[in-house]
Amino acid sequence: MRKVFASKLTVWLASVLAAIIIAVSCTKQSEDILKSEVTTGICDTANMQFSADVLPILVANCYRCHANGIINGGVSLDGYNNVVHQVQNGNLIAAITHAAGYVPMPYDGGKLSDCNIAKIQAWINAGAPDN
């Protein structure tokens, strides 16, 4: 009986620890991106690149629910082609700006900073290049 209890307790503790690590790591990434904007006071949206500017925002704020095989709401943001699909159908910008009629994203994380939204919008306005 003790072995079964100890085994269940170990599994439960490992699950809780994994959940905490995932939550903290996602939050820390988002915090670091936001802090860099706040400390400089500048939101540079010139020459936005998918890999250098847009992807880090998506990884920090969207990947826990929409990447790595997780496709919540039928939306995957894994890779450029999936992101561009969401850009072309208008869902990406509508969701992150919390437009009426769309589920606001990130779903459980509050709205992206104005600077991060501006960076994504600038990249879209430039034709959403794969760069």
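Residues numbered from 1 in each chain as written. Predicted model: local features only at pLDDT ≥ 70, side-chain atom pairs only at ≥ 80, totals over all residues. Heavy atoms only, no water.

## Details of the nonpolar core
If you look at the biggest cluster of nonpolar residues, it comprises 23 residues, and the most contacted ones within it are L58, V83, I120 and W123. Listed by contribution, the elements that provide at least two residues to this core are α2 (50-61), α4 (79-88), α5 (91-96) and α6 (114-125). In this structure, W123 is in contact with M48, Q49, F50, V54, Y80, V83, V84, V87, A128, P129 and N131, ignoring residues within four places of it in sequence. (Core = buried A, V, L, I, M, F, W, Y, C linked by side-chain atoms within 4.5 Å. Buried < 20%, exposed > 50% of the residue type's maximum accessible area, 1.4 Å probe, protein only. Helix = DSSP H or I, 4+ residues; strand = E, 2+ residues; numbered from the N terminus. Contact = heavy atoms within 4.5 Å.)

## Considerations on the state of the cysteines
On inspection of all chains with the given rule, the structure shows one disulfide. Paired through a disulfide, C43 and C115 show a sulfur-sulfur distance of 2.1 Å. Taking the sign of the S-S torsion, 95° for the link of C43 and C115, the bridge is right-handed. A residue pair is termed long-range when its members are at least 10 positions apart, and C43 in the loop between α1 (2-40) and α2 and C115 in helix α6 qualify at 72 residues. (Disulfide = S-S within 2.5 Å.)

## Considerations on the side chain of K119
Mapping K119 onto the fold places it in helix α6. Apart from the residues lying within four places of it in its own chain, the contact partners of K119 are C43, D44, T45, M48 and I57.

## Looking at the packing of aromatic side chains
Per the counting criterion, the structure on display carries three aromatic pairs. With a centroid separation of 5.3 Å and an interplanar angle of 85°, the aromatic rings of F50 and Y80 are classed as edge-to-face. Pair noted here: F50 is in helix α2 and Y80 is in helix α4, with a separation of 30 residues, a long-range link. Given the relative accessible area of 18%, Y80 is considered buried. (Phe/Tyr/Trp six-rings, centres within 6.5 Å; stacked < 30°, edge-to-face > 60°.)

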